[in-house]
Amino acid sequence: MERVLARFEGDVQLVLYPFTLNATSEVATQAALCAGEQGKFWEFHRMLYARQEQWRRLPNPRQRLQEFAGDIGVDAVTLAGCVKSGRMEKLIDTDKAYGRSLGVRSTPTTFINDKRIVGAQPEGDFVRTIRQELDRARREAR
Amino acid sequence: MARKPMPRGAKSRRSNANPSPKRRQKLVLGGVILLLVLVAGVAIRSWQQRNLPLRLQGALDNHYSKGAPGALVVMKEFSDYT
């Protein structure tokens, strides 16, 4: 997605909405948001995907994610306290409800303006849809 | 035979159990008005949401984003990490 963004620099904005599907992803998402409080959301976000096979099958990945935290400069103790507090749960629940209201049932689901793309489709599909939406938006702006 | 005195409150209970036609009319009218207001509220909200471009719906605040704020195209990605 970052490649797609770079291609359309200035014309496209990407906004992330967590849509957790299980308890494991719930913990991971809370940890990412908590890392954000230390200014390290994007690093943690990338790390979760890069090391996905090392934590995603664990019933409770909390400990493993704390171990990873230090690798990217996140204070593990602060992270653990934040996750334990549960204060990110409300944001996650709100975003999930929002996603459901838009008919999201699986991940990833991406809306490019109001065009829906379900699943990890080829990059070309995203590029094509973005171009169509840009053309439409520019026509409407005239 | 002397009549049994009516239990206390029986008179008021009886009048509440059988509201006068006028009172019944008012209750029904009130209920209908309330229902109409609720239905109208739901309908207006749905209409507003249907006419808003998707990119303007929902909160963009408090969400991590990349790229140009206020861009012509907004990609909303719903994902989990597993």
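Note that this is a predicted model, so its numbers are computed, not measured.

Q: What am I meant to see in the overall build of chain B here?
A: Assigned secondary structure in chain B consists of two helices and two strands. Counting every atom, chain B has about 6,800 Å² of accessible surface; 61% of that belongs to carbon and sulfur.

Q: Please explain the confidence of the model for chain A as it appears in this structure.
A: In regions of low pLDDT, the predicted coordinates are not meant to be interpreted in detail. Per-residue confidence for chain A averages 93 on the pLDDT scale, and 100% of its residues sit at or above 70. Between the elements of chain A, mean pLDDT differs from a low of 86, seen in helix α1 (residues 2-7) of chain A, to a high of 96, seen in strand β2 (residues 109-112) of chain A.

Q: What is the right way to read unusual backbone geometry from this model?
A: What you tend to see is this: most non-glycine residues have negative phi, and most peptide bonds are trans. All names here are of chain A. The residue after threonine 107, namely proline 108, is reached through a cis peptide bond having omega -10 degrees. The residue proline 108 is located in the loop between α7 (89-101) and β2 in this model. With a phi close to 50 degrees, asparagine 113 is a non-glycine residue in the positive phi region. Within the secondary structure layout, asparagine 113 lies in the loop between β2 and β3 (115-118). By relative accessible area, which is 7% here, asparagine 113 ends up buried.

Q: Explain a nonpolar patch on the surface here, please?
A: Residues and elements named next belong to chain B. A cluster of nonpolar residues, Val28, Val32 and Leu36, forms a patch on the protein surface that exposes about 270 Å² of accessible area. Mapped onto the secondary structure, valine 28 falls in helix α2 (residues 21-51). With a relative accessible area of 52%, valine 28 lands in the exposed category.

Q: Mind showing me how you'd approach the pattern of salt bridges here?
A: Should the charged atoms of two oppositely charged side chains come close, the side chains can pair. All names here are of chain A. The full count for this structure, using the stated rule, is 15 salt bridges over all chains. For arginine 3, the salt bridge goes to glutamate 123, with nearest N and O atoms at 2.8 Å. With arginine 3 in helix α1 and glutamate 123 in helix α8 (residues 123-141), this pair connects stretches of sequence that are 120 residues apart. Since its relative accessible area comes to 63%, arginine 3 is described here as exposed. The salt bridge involving arginine 136 is made with aspartate 114; its shortest N-O contact spans 3.8 Å. One end of the pair, arginine 136, is in helix α8; the other, aspartate 114, is in the loop between β2 and β3, and 22 residues separate them in sequence.

Q: What exactly am I supposed to notice about the packing of aromatic side chains here?
A: If you walk through the whole model with that rule in mind, you get nine aromatic pairs over all chains. Arranged with centres 6.0 Å apart and planes meeting at 50 degrees, the rings of tyrosine 98 of chain A and phenylalanine 78 of chain B form a pair that is tilted. Of the two residues, tyrosine 98 of chain A is situated in helix α7 and phenylalanine 78 of chain B in strand β2 (residues 73-79); the pairing between them involves two chains. Linked through ring pairs, Tyr17, Phe19, Tyr98 and Phe111 of chain A together with Phe78 of chain B together constitute an aromatic cluster. Over the ring of phenylalanine 68 of chain A we find arginine 51 of chain A; its NZ or CZ atom is 4.7 Å from the centre of that ring.

Q: Looking at this model, I keep getting lost on the interface of chain B and chain A. Mind explaining?
A: Accessible area lost when the parts come together is the quantity often used to give the size of an interface. Facing 27 residues of chain B, the contacting portion of chain A comprises 53 residues. Taken over both partners, the interface formed by chain B and chain A buries close to 3,800 Å², and the fraction arising from carbon and sulfur atoms is 61%. The largest share of the area that chain B buries against chain A comes from Met75, Phe78 and Tyr81 of chain B, three residues that together contribute 27% of it. At the boundary of chain B and chain A, one finds one salt bridge. Two residues, lysine 66 of chain B and glutamate 2 of chain A, come together in a salt bridge whose shortest N-O distance is 3.2 Å. Along the contact surface separating chain B from chain A lie 25 residue pairs in polar contact (both at pLDDT 80 or more).

Q: What is the right way to look at the sheet that holds β2 of chain B in this model?
A: Within a beta sheet, neighbouring strands are joined by backbone hydrogen bonds and run either parallel or antiparallel to one another. One open sheet holds the five strands; their spatial order is β3(A)-β2(A)-β2(B)-β1(A)-β1(B), and the pairing between them is mixed. Where the open sheet ends on each side, the last strands, each with one partner, are β3 of chain A together with β1 (65-67) of chain B. Neighbour-to-neighbour, the strand axes of this sheet turn through a mean angle of 20 degrees, independent of strand direction. Sheet topology note: the strand β1 (residues 12-18) of chain A/β1 of chain B ladder contains three bridges and is antiparallel. Along β1 of chain B, the bridge assignment pairs leucine 14 of chain A with lysine 66 of chain B. The sheet contacts of α7 of chain A involve β1 of chain A together with β2 of chain B, and relative to β1 of chain A the element is tilted by about 110 degrees.

Procedures and definitions
Residues numbered from 1 in each chain as written. Chains lettered and ligands numbered in written order. Predicted model: local features only at pLDDT ≥ 70, side-chain atom pairs only at ≥ 80, totals over all residues. Heavy atoms only, no water. Helix = DSSP H or I, 4+ residues; strand = E, 2+ residues; numbered from the N terminus. Areas by Shrake-Rupley, 256 points an atom, 1.4 Å probe, with all protein chains shown as cover. pLDDT = per-residue confidence, 0-100. Buried < 20%, exposed > 50% of the residue type's maximum accessible area, 1.4 Å probe, protein only. Patch = residues over 30% accessible without salt bridge, like charges linked within 9 Å, V, L, I, M, F, W, Y side chains within 5 Å. Salt bridge = Lys/Arg side-chain N within 4 Å of Asp/Glu carboxyl O. Phe/Tyr/Trp six-rings, centres within 6.5 Å; stacked < 30°, edge-to-face > 60°. Lys NZ or Arg CZ within 6 Å of the ring centre and 35° of its normal. Contact = heavy atoms within 4.5 Å. Buried area = accessible area lost by both parts, 1.4 Å probe. Polar contact = N/O pair within 3.5 Å; in protein donor to acceptor, adjacent residues only side chain to side chain. Pairing = 2+ DSSP bridges. Axes fitted to C-alpha atoms, helices over the stretch in contact; angles between N-to-C directions.

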